[in-house]
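Each chain is listed here by its residues.
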Amino acid sequence: MVPIQMVDLKRQYAAMKDEVDSAIQEVLTTTSFINGKAVGEFAKNLSTYLDAEHVIPCANGTDALQIAMMALGLEPGDEVITPSFTYIATTEVIALLRLKPVFIDVDPATFCMDTNQLEKAITSKTKAIVPVHLYGQAANMEEIMRVANEHNLYVIEDNAQAIGASVTFSDGTVRKTGTIGHIGCTSFFPSKNLGCYGDGGAIITRNALLAERIRMVANHGQSKRYYHDVVGCNSRLDTVQAAVLNCKLPRLDAYNASRGKVATFYSNAFASNPKIKTPLTASHTTHVFHQYTLVLEGVDRNALVDQLAEVGVPSMIYYPVPAHRQKMFSFLNLPEVDLPVTDWLTERVISLPIHTEMDQEQLDYIVKHVNQFVQ
Ligand SMILES: *Cc1c(COP(=O)(O)O)cnc(C)c1O
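No experiment lies behind these values; they were computed from the predicted model shown. (Residues numbered from 1 in each chain as written. Predicted model: local features only at pLDDT ≥ 70, side-chain atom pairs only at ≥ 80, totals over all residues. Heavy atoms only, no water.)

### Focus on helix H7 (residues 141-151)
All of the buried residues in H7 are Met 141, Ile 144, Met 145, Val 147 and Ala 148. One side of H7 carries all its buried residues, which in axial view fall inside an arc of 165 degrees. Residues of H7 that are exposed and point more than 90 degrees away from the buried face comprise Asn 149 and Glu 150. Looking at the buried positions of H7, the neighbouring elements they touch are helix H6 (118-121), strand S4 (126-129), strand S5 (154-158) and strand S6 (166-168). (Buried < 20%, exposed > 50% of the residue type's maximum accessible area, 1.4 Å probe, protein only. Helix = DSSP H or I, 4+ residues; strand = E, 2+ residues; numbered from the N terminus. Arc of directions from axis to C-beta. Contact = heavy atoms within 4.5 Å.)

Laid out in structure tokens, this is it:
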């Protein structure tokens, strides 16, 4: 059996080696490492794929979130509502800009922002909502946009884990995640559903004025060369990464479909295990399974992780400590924040290997051992 990994980038590369090698070679030959042809092409390709007018590539997903908040003109003290049950980048940039993260709980079935908590969290200082499409499925964007419109708030989607997923609204409109809020942010970290061979990210918007502002912030606040209108940063997707992404984008739907097959196989295999709750796909969204995450009940999770590791099955806890319990936020004095679902999930989730190159032998092996250890 091929050794099991959480993500197997070697096999994925092997399947398109010639194409990727020649795309990278072309960048080397032209030596236009910064803002080369592939960067503009990729922005255009992604814009077409997502059906959103403006895609601004940048250096990584964390930068994308930071630039989005800067471009919206959020100011120190402004409140930003976001889940605590997420990767730290989402909330870190809020604090970095001296905005105030206001953490709300998640829905135990979807792991995404619990929209019932949303209106209660709004104050006169609230400026934005940052939903996270965690593990690959969309938060309840219809409700989030309704609340945001009613209270005049910006919505920045953290779409780092859900590129390619879509949302169906009650009027029948279908939109890709990352194109629904005012701004969408994504990451091309190698293990993401659309990953490059280093760091990369992008900011997405349908609003031309915002797009202009985002471009300016990402490029030293520059309006024209050597004229700097606002304090910005330097965040670019390099040409080599864009060349890789141009090879991988046409494969994204197939990649997501193969992740979906793995998820279906796992869920069927665990369906009759009373101690395992398999992930649910909410009716408003497709799920692109960036992670396949189980909720365990009455299981010694650490022992399970160790037992699986012993037989060569890696697993991960995403995430062992929610944002509101991170030391980084102790300056916020948050003891009164009560997020029972987040705390409950933090102690019970476990993610199994899922990627685009898993074979049946590996899958059979994994479910056999999980079901054997969890009884
Ligand atoms: C990966 C990730 C990010 C950050 O992306 P980087 O490219 O690593 O900076 C942000 N939010 C979420 C939810 C992520 O999974």
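### A short note on the environment of Asp 21
Checked against the element boundaries, Asp 21 lands in helix H2 (residues 17-30). C-alpha separation for the pair Asp 21 and Val 244, spaced 223 residues apart in sequence, amounts to 8.7 Å. A polar contact of 2.6 Å, which involves the side chain of Asp 21, links it to the side chain of Lys 17. (Polar contact = N/O pair within 3.5 Å; in protein donor to acceptor, adjacent residues only side chain to side chain.)

### Quick word on the domain arrangement of the protein chain
One can read the domain layout of the protein chain as domain 1 (9-104 + 111-248) and domain 2 (251-373). Taking the mean C-alpha position of each, domain 1 and domain 2 sit 24 Å from one another. Facing 40 residues of domain 1, the contacting portion of domain 2 comprises 39 residues. For domain 1, the biggest contributors to the area lost against domain 2 are Phe 85, Tyr 135 and Asn 193; these three give 21% of the whole. (Domains from an automatic or database assignment. Buried area = accessible area lost by both parts, 1.4 Å probe.)

### Details of helix H5 (residues 88-96)
Turning to H5, its buried residues number three or more, namely Ala 89, Thr 90, Thr 91, Val 93, Ile 94 and Ala 95. Considering only its buried residues, H5 is in contact with helix H4 (61-71), strand S2 (79-83), strand S3 (100-104) and S5.

### Quick look at the layout of surface pockets
If you add up the space inside the largest pocket, you get close to 520 Å³. Lining of the largest pocket is provided by 31 residues; of these, Tyr 87, Gln 161, Ser 187, Phe 189 and Lys 192 occupy positions nearest its centre. A total of four residues in the lining of the largest pocket trace back to one element, the largest contributor, which is H5. Looking at the lining of the largest pocket residue by residue, the class counts come to 15 nonpolar, twelve polar and four charged. Each of domain 1 (9-104 + 111-248) and domain 2 (251-373) contributes no fewer than three residues to the lining of the largest pocket. (1 Å grid on protein atoms, 1.4 Å probe; cavity = no way out; pocket = protein on both sides within 12 Å on 5 of 7 lines; lining within 4 Å. Points joined across faces, edges and corners; volume = space filled by probe spheres on them. Nonpolar A, V, L, I, M, F, W, Y, C, P; charged D, E, K, R; others polar.)

### Looking at the sheet that holds S2
Taken together, seven strands build an open sheet; the order of strands is S1-S9-S8-S5-S4-S2-S3 and the sheet is mixed. If you trace the sheet from one side to the other, it starts and ends with strand S1 (54-58) and S3, each paired once. If you compare each strand with its neighbour and ignore which way they point, the axes differ by 25 degrees on average. Pairing of S2 with S4, which is carried by three bridges, proceeds in the parallel orientation. The residue bridging Val 80 from the neighbouring strand is Ala 128, located in S4. Packing of H4 onto the sheet brings it into contact with S1, S5, strand S8 (183-187) and strand S9 (201-205), and relative to S8 it is tilted by some 160 degrees. (Pairing = 2+ DSSP bridges. Axes fitted to C-alpha atoms, helices over the stretch in contact; angles between N-to-C directions.)

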